[in-house]
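Residues per chain are reported as follows:
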Amino acid sequence: MDIGFIGLGNMGAHMARRLVEAGHKVIVYDVRQEAIGNIAALGAVAARSPKEVADAAETVMVSLPTPDIVLKVATGPDGVIEGKRVRRFVDLSTTGSVMAQRVFKLLAEKNIVQIDAPVSGGVRGAAKGTVAVMASGPRAEVEAVEPALKVIGKFFYIGEKSGAGQTMKLCNNVLSAAATVATSESFVTGVKAGLDPRTMVDVINASSGRSTATEQKFPETVIPRTFNQGFTAGLMLKDVNLFISEAKALGVPVEAIEAVAALLKLTCDELGSDSDITEVIKPIEKRAGVEVRAPKA
């Protein structure tokens, strides 16, 4: 299958690589020439713009950081919408359902079908092909790209409605964010009371409080103080705020998630939006006067 792929960042580069390795002809574009070169060296075809990608492939996938960038790449000047061959626009980004529906309508005017297929599972999952892929859109069109999406990760068909995959992704991501924030407060409290965070990990993972935060983030990135999970606090704040907007539009109270958003914003304000999501623990540590790390021997 000829597949266009736009956006070769932490997640996109791995997904594009997996498509190349699976034998697909992949036409790639990114604003960074180095990123294009890295994938082209593996056998992908380099393009000079989103339009050029869409001139060369019926299916164009994108993995981009923010909704406004997705909109620009999809429908802006020299964007996918101007491509001569493209029939399907598969959005692997997290944009929220409102933007997904907006892009769907704009592309439909050019007989291009938008499929929202956000992924979850982090950089490691993208590298291994184990991310969850949450696809929604016209069933026949989704089925046409399902084999390629299964190369990227574990495929789930969410429904026909445009934006349904985005809603599913946001519901997942707020749980991940909330677990990371709550685990941070829990571990800072335990350490200040004199507990060994390694013991806390072992006990919690054998108990009811376990989550991906306790199973992976804390033992592998927080306690060793590497803070290299590979997903930024700024992007997580963007996802959480998208969820809050969508929930409020549906009349759902979200006081707990608003508290999560507040700590994410504090992290971005104090450490920068590019700080790792696991660094959300640092403002808590700063105020408590302790660090969550293994005690010195």
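Just so it is clear, the model here is predicted, and its values are computed rather than measured. (Residues numbered from 1 in each chain as written. Predicted model: local features only at pLDDT ≥ 70, side-chain atom pairs only at ≥ 80, totals over all residues. Heavy atoms only, no water.)

**Student:** Could you clarify how one ought to interpret the packing of helix α8 (residues 164-192) against helix α12 (residues 255-271) in this entry?
**Tutor:** If you want to describe how two helices pack, look at the angle between their axes and the distance between the axes. It is at 10 Å that the axes of α8 and α12 come closest, and there the two elements cross at 70 degrees. Taken as axis vectors, α8 and α12 run roughly perpendicular relative to one another. Read as a crossing pair, α8 and α12 show a hand that is left-handed. Across the interface between the two elements, V174, A177, A178, V181 and E185 of α8 pack against I257, V260, L263 and L264 of α12. Each residue belonging to the contact of α8 with α12 can be placed in one class, and the counts come to 8 nonpolar, no polar and 1 charged. (Axes fitted to C-alpha atoms, helices over the stretch in contact; angles between N-to-C directions. Helix = DSSP H or I, 4+ residues; strand = E, 2+ residues; numbered from the N terminus. Parallel < 35°, antiparallel > 145°, perpendicular 65-115°, else oblique. Left-handed = near helix turned anticlockwise from the far one by under 90°. Contact = heavy atoms within 4.5 Å. Nonpolar A, V, L, I, M, F, W, Y, C, P; charged D, E, K, R; others polar.)

**Student:** I'm lost on the pairing of strand β4 (residues 59-62) in this one. Help?
**Tutor:** Residues in a regular strand point their side chains to alternate faces of the sheet. Burial along β4 is two-sided: the residues T59 and M61 and V60 and V62 are all buried. Note: strand β1 (residues 2-6) against β4, 4 bridges, orientation parallel. What sits directly across from I3, in β4, is T59. With 4 bridges connecting them, β4 and strand β5 (residues 88-91) associate as parallel partners. Following the sheet pairing, M61 is matched in β5 by V90. Handedness of the crossover is the feature at issue here: the chain leaves β4, passes through helix α4 (residues 67-75), returns alongside β5, and the resulting connection is right-handed. (Buried < 20%, exposed > 50% of the residue type's maximum accessible area, 1.4 Å probe, protein only. Pairing = 2+ DSSP bridges. Right-handed = clockwise from strand over helix to strand, strands pointing away.)

**Student:** Hey, could you run me through the pattern of salt bridges in this one?
**Tutor:** It is possible for side chains of opposite charge to pair when their charged atoms get near one another. Applying the stated criterion across every chain yields a total of 19 salt bridges. With a closest N to O distance of 3.6 Å, R87 and E141 form a salt bridge. Of this pair, R87 sits in the loop between α4 and β5 while E141 is found in helix α7 (residues 139-152), placing the two residues 54 residues apart along the sequence. Owing to a relative accessible area of 37%, R87 belongs among the partly exposed residues under this scheme. One salt-bridge network, in which partners are shared between bridges, spans R225, E285, E291 and R293. (Salt bridge = Lys/Arg side-chain N within 4 Å of Asp/Glu carboxyl O.)

**Student:** Quick question: what am I supposed to make of a nonpolar patch on the surface here?
**Tutor:** A cluster of nonpolar side chains, contributed by F156, I158 and M168, occupies part of the molecular surface with about 230 Å² of accessible area. On the secondary structure map, F156 appears in strand β9 (residues 153-159). (Patch = residues over 30% accessible without salt bridge, like charges linked within 9 Å, V, L, I, M, F, W, Y side chains within 5 Å. Areas by Shrake-Rupley, 256 points an atom, 1.4 Å probe, with all protein chains shown as cover.)

**Student:** What is the right way to read the packing of aromatic side chains from this model?
**Tutor:** For any pair of aromatic rings, the description rests on two quantities: the centre-to-centre distance and the angle between the ring planes. One pass over the structure, following the stated rule, counts 1 aromatic pair. Ring centres of F187 and F218 lie 4.8 Å apart, and the angle between their planes is 45 degrees; this geometry places the pair in the tilted category. Separated by 31 residues along the polypeptide, F187 in helix α8 and F218 in helix α10 (residues 212-222) bring together distant segments of the chain. Of the two residues examined, F187 and F218, each falls in the buried class. When the ring centre of F227 is taken as reference, the NZ or CZ atom of K282 above it lies at 4.5 Å. (Phe/Tyr/Trp six-rings, centres within 6.5 Å; stacked < 30°, edge-to-face > 60°. Lys NZ or Arg CZ within 6 Å of the ring centre and 35° of its normal.)

**Student:** Explain the packing of α8 against helix α13 (residues 281-288) to me, please; I cannot follow it from the model alone.
**Tutor:** Running from N to C, α8 and α13 point in directions that differ by 30 degrees, and their axes come no closer than 9 Å. By the angle between their axes, α8 is roughly parallel relative to α13. As α8 runs across α13, the sense of the crossing is right-handed. Mapping the contact onto sequence places V181, S184, E185, V188 and K192 in α8 and I281, I284, E285 and A288 in α13. Considered class by class, the residues forming the contact of α8 with α13 number 5 nonpolar, 1 polar and 3 charged.

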